[in-house]
Amino acid sequence: NMGRNGISLSGAHMTAARCEVTEVGSSGIRISGGDRKTLTPGECSIENCHVHHVGRLNWEGGRCAFLNGCGNRLANNLFHHGPTGAVAYGGNEHVLELNEAHTMCIHYADVGVFYTGRDWTSQGNVLRHNFIHTLGGGDEKHVNTMGFYFDDCDCGDRIEGNVFWRAGRAIMIGASRKLNT
């Protein structure tokens, strides 16, 4: 029942583990660690958490988790009942795995349960073995809810072994860009 965010961590070697966060005004758990410039991993994680009924006051920022920086992990979490997507992430070399998300994107249609975008330097992230199901409000206006949404110039992520059920679209890639090296 926080007015804004449930948990916010920034630094290195930090973990939010076995937490339940619910009925928050904005987001559930925010974590940022590591140095993107040098690709030094933060080794931070959100693990085995149950985050639900977020975004009571801030629908747009009402995500269950935010992950930023370099070399962090989001694993074995259950996310549900949110106005927009479950996870927003940015940065490099994160691992997002073994999460379940359902009953998300309740109030928005052009949104992804796992969302990243607008930064073509965000690369090397791995999204694997996640289960995303039962999205939107169950009507025709939620047909554009996406399981994974790689928006505006995002590129370089690896997707493997994920399961999507009753999602408007499993994966949306919006104008990705390839680096020239």
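Since the structure is predicted, the reported quantities are computational estimates derived from the model, not experimental observations.

Trainee: Describe the overall build of the chain, with residues and values.
Mentor: A count of helical and extended segments in the chain gives zero helices and 20 strands. The C-alpha radius of gyration of the chain comes to 15 Å, within 12% of the 16 Å expected for a compact globule of 181 residues. Along the three orthogonal principal directions, the C-alpha set of the chain runs to about 45 × 35 × 25 Å. Out of the 181 residues belonging to the chain, those deemed buried represent 47%. Sequence separation of 24 or more characterises 63% of the internal contacts of the chain that already satisfy a separation of 6 or more. Where the 16 positive side-chain charges of the chain centre and where its 18 negative ones centre are 2 Å apart.

Trainee: Outline the environment of E93, supporting the account with residue identities and numerical values.
Mentor: Within the secondary structure, E93 is located in the loop between strand 11 (87–89) and strand 12 (95–97). Owing to a relative accessible area of 39%, E93 belongs among the partly exposed residues under this scheme. A sequence separation of 16 residues divides E93 from A109, and the C-alpha atoms of the two residues are 28 Å apart. Those residues in contact with E93 that sit more than four places away from it in its chain are L39, C70, G71, N72, Q123, G124 and N125.

What counts, and at which threshold
Residues numbered from 1 in each chain as written. Predicted model: local features only at pLDDT ≥ 70, side-chain atom pairs only at ≥ 80, totals over all residues. Heavy atoms only, no water. Helix = DSSP H or I, 4+ residues; strand = E, 2+ residues; numbered from the N terminus. Rg over C-alpha atoms; globule rule 2.2 N^0.38 Å. Buried < 20%, exposed > 50% of the residue type's maximum accessible area, 1.4 Å probe, protein only. Contact = heavy atoms within 4.5 Å. Lys, Arg positive; Asp, Glu negative; His and termini not counted. Charge placed at Lys NZ, Arg CZ, Asp CG, Glu CD.

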